[in-house]
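Per-entry structural report
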Protein chains: 2
Amino acid sequence: MQNKRVVLGDDHPVFRGGLSQLIRQILPFADIVEAGTLDEVLSAARLGAPPSLLVIDLLFPGLSIEQSLPALRQEFPKASIVIVSMVNDQRTIQNVMDMGIDGFINKSVSVDDIATAITAVCDGDVVVKTSSQSDILMESEKPALTQRQSDVLGLMVEGKSNKEIALILGISPFTVRIHVSALLRALDVSTRTGAVAKAYSNGILTS
Amino acid sequence: MQNKRVVLGDDHPVFRGGLSQLIRQILPFADIVEAGTLDEVLSAARLGAPPSLLVIDLLFPGLSIEQSLPALRQEFPKASIVIVSMVNDQRTIQNVMDMGIDGFINKSVSVDDIATAITAVCDGDVVVKTSSQSDILMESEKPALTQRQSDVLGLMVEGKSNKEIALILGISPFTVRIHVSALLRALDVSTRTGAVAKAYSNGILTS
DNA sequence: GGATCAATAAGGCATATGTGCTAATGCAAC
DNA sequence: GTTGCATTAGCACATATGCCTTATTGATCC
């Protein structure tokens, strides 16, 4: 039997290296290919035999992988797809899991737990491994924004106007203003510029 | 001679593992201690001989390390302190560097570059290694703002309104608007939020 | 002296922003 | 089932913002 092919996609080389080493330990005979961009993931996955395992970061520079996941799932129906990410919010995780992937692992999870999670996925299980206490503390210190408020804030920090945000998100400008007002209150500021400043200095942004 | 002591603080176990392996390669005889929280970093650093190198994540769960840095710098004056972080905006980096540390490395930087950066810091250099894929403007192509425009932009990034800026600078709100309009044109943006975003990501504010 | 530019100030005008208010839908918890 | 919350949408109103024009002062350069 041919060796398992594993494609490992993450834009942080050091994290990728650590993950690669980890996978080598649990799958000693696997052929592991590392990729730093979504394009590299795709070309690596298409090269040679279909991969049996794809481990990919959710937040890639450039295109959001969330949009590419369905296509990926369809192109490699037999592969186990595992998403690793810093995000720990149930809503996002549910969204991603609904795309028919096999696992979601938070980056804050311990090496051992990631290893057992990936092993389980290779055995056909579906695993969601969210962060334990350490990150929940972090979450509680940050102002709690809803999903949509985060979306809007993310566009605000890029200098988009309410009208532009409405266009991009496909909702009404009135609704955008609702979200803006709500997040301004949540961040305890009175202007959007203040929100942007706070977003930058607090590291609320998960770019 | 005693082995070098290295304390490695990061809340992501996999990244920490990758970084640990990397440091083992460039400092084969070092005694590397890993820590997942700020408290662990402190107790590890205080245990035994003073560490010669501290490599710490900027965004730690719990207390912001930015607030602890001055104390850390004071407690371990001889140690080289290197901050690793996801953030890539010049303003934050400058703030951190001003606390008297020896290096700032973005997490997106390649393994080789991180290795050379840490090696350089161990040799006594001060190194700032930002992400290469980020579109940081070169010194030559930085928009030239007048003194007053910089003053105004500096207050804008703190979320102040034109009226507040006028009060703080002791000038008329009309004049503030003149400066705002001028610097928006100079930065090639159409809204103040866009200017703030550009100021953060491009490090225009070097004062 | 004449030219240029930063900085100051002001009025007018169009658009953007932020805050009330009401209201419907869907989803999850109890 | 009811309660709560997120999300959606709209209207009205006050304020902020950004751009246009004109104008004066002081500093610097040729």
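Predicted model only: the values in this text are computed from it and were never measured.

Conventions we followed
Residues numbered from 1 in each chain as written. Chains lettered and ligands numbered in written order. Predicted model: local features only at pLDDT ≥ 70, side-chain atom pairs only at ≥ 80, totals over all residues. Heavy atoms only, no water. Near = heavy atom within 4 Å. Polar contact = N/O pair within 3.5 Å; in protein donor to acceptor, adjacent residues only side chain to side chain. Helix = DSSP H or I, 4+ residues; strand = E, 2+ residues; numbered from the N terminus. Nonpolar A, V, L, I, M, F, W, Y, C, P; charged D, E, K, R; others polar. Phe/Tyr/Trp six-rings, centres within 6.5 Å; stacked < 30°, edge-to-face > 60°. Lys NZ or Arg CZ within 6 Å of the ring centre and 35° of its normal. Core = buried A, V, L, I, M, F, W, Y, C linked by side-chain atoms within 4.5 Å. Buried < 20%, exposed > 50% of the residue type's maximum accessible area, 1.4 Å probe, protein only. Expected span 1.5 Å × (residues − 1). Contact = heavy atoms within 4.5 Å. Buried area = accessible area lost by both parts, 1.4 Å probe. Salt bridge = Lys/Arg side-chain N within 4 Å of Asp/Glu carboxyl O. Pairing = 2+ DSSP bridges. Axes fitted to C-alpha atoms, helices over the stretch in contact; angles between N-to-C directions.

Before going further, it helps to spend a moment on the protein's contact with DNA strand C. Taken together, 20 residues are adjacent to DNA strand C, and A:Arg177, A:Arg192, B:Thr146, B:Ser172 and B:His179 come closest. Between DNA strand C and A:Arg177, the relevant distance is 2.7 Å, taken from a base oxygen to a side-chain nitrogen or oxygen of the residue. The separation between a phosphate oxygen of DNA strand C and a polar side-chain atom of B:Arg148 is 2.9 Å. Elements that contribute at least two residues to the surface near DNA strand C include exactly α8 (162-169) and α9 (173-187) of chain A together with α6 (147-156) and α8 (173-187) of chain B. Ranked by residues supplied to the surface near DNA strand C, first place goes to α8(B) with five residues. Residues of the surface near DNA strand C, tallied by class, amount to five nonpolar, 10 polar and five charged.

Okay, the packing of aromatic side chains next. Going through the model one piece at a time under the given rule, you end up with one aromatic pair over all chains. Geometrically, the ring pair formed by A:Tyr200 and B:Tyr200 is stacked, given 4.4 Å between the ring centres and 5° between the ring planes. On the criterion of chain membership, the pair formed by A:Tyr200 in helix α10 (residues 192-202) and B:Tyr200 in helix α9 (residues 192-202) is interchain, its members lying in two chains. The aromatic ring of A:Phe15 is capped on one face by A:Lys107, whose charged end is 4.3 Å from the ring centroid.

Before going further, it helps to examine the nonpolar core. Core analysis: the biggest nonpolar cluster contains 46 residues, and A:Leu19, A:Ile23, B:Leu19 and B:Ile23 have the highest contact counts within it. Counting 36 residues, the second largest nonpolar core, distinct from the first, contains A:Ala199, B:Leu155, B:Val157 and B:Val196.

Let us now look at helix α5 (residues 111-122) of chain A. An α-helical turn contains 3.6 residues, so a residue and the one three or four places further along point in the same direction. Between its first and last C-alpha atoms α5(A) spans 17 Å; for 12 residues at 1.5 Å apiece the expected length is 16 Å, and the two agree. Along α5(A), the positions that sit buried rather than exposed are A:Ile114, A:Ala115, A:Ala117, A:Ile118, A:Ala120 and A:Val121. Buried residues along α5(A) sit against α1 (13-26), β3 (53-57), β4 (80-85), β5 (103-106) and β6 (127-129) of chain A together with α1 (13-26) of chain B.

Another aspect to go through is the interface of chain B and chain A. Taken residue by residue, the interface counts 32 residues in chain B and 31 residues in chain A. Both sides of the chain B and chain A interface together cover about 2,500 Å² of buried area, and 68% of this is carbon and sulfur. The interface formed by chain B and chain A holds zero salt bridges in total. Connecting chain B to chain A are two residue pairs in polar contact (both at pLDDT 80 or more).

Let us now look at the sheet that holds β5(A). Residues and elements named next belong to chain A. Taking strand neighbours across the sheet as the criterion, the six strands line up as β2-β1-β3-β4-β5-β6 in an open arrangement whose pairing is parallel. Bordering the open sheet on either side are β2 (31-35) and β6, each of which pairs with just one other strand. Adjacent strand axes in the sheet meet at a mean angle of 15° when their direction is disregarded. With three bridges joining them, β5 and β6 adopt parallel strand pairing. When the sheet's bridge partners are listed, phenylalanine 104 is paired in β6 with valine 128. Set on the sheet, α1 makes contact with β1 (5-9), β2, β3 and β4; between it and β2 the angle comes to about 170°. Contacting β3, β4, β5 and β6, α5 runs over the sheet at an angle of about 175° to β5.

Going through the model one piece at a time under the given rule, you end up with 14 salt bridges over all chains. The salt bridge involving B:Asp151 is made with B:Arg148; its shortest N-O contact spans 3.3 Å. Placement of both B:Asp151 and B:Arg148 in helix α6 is noted, with a separation of three residues, approximately one turn of the helix. On the basis of relative accessible area, B:Asp151 is assigned to the partly exposed category, the value being 24%. Using a relative accessible area of 30% as the deciding quantity, one classes B:Arg148 as partly exposed. Overlapping salt bridges, with partners in common, bring together A:Asp10, A:Asp57 and A:Lys107 in one network.

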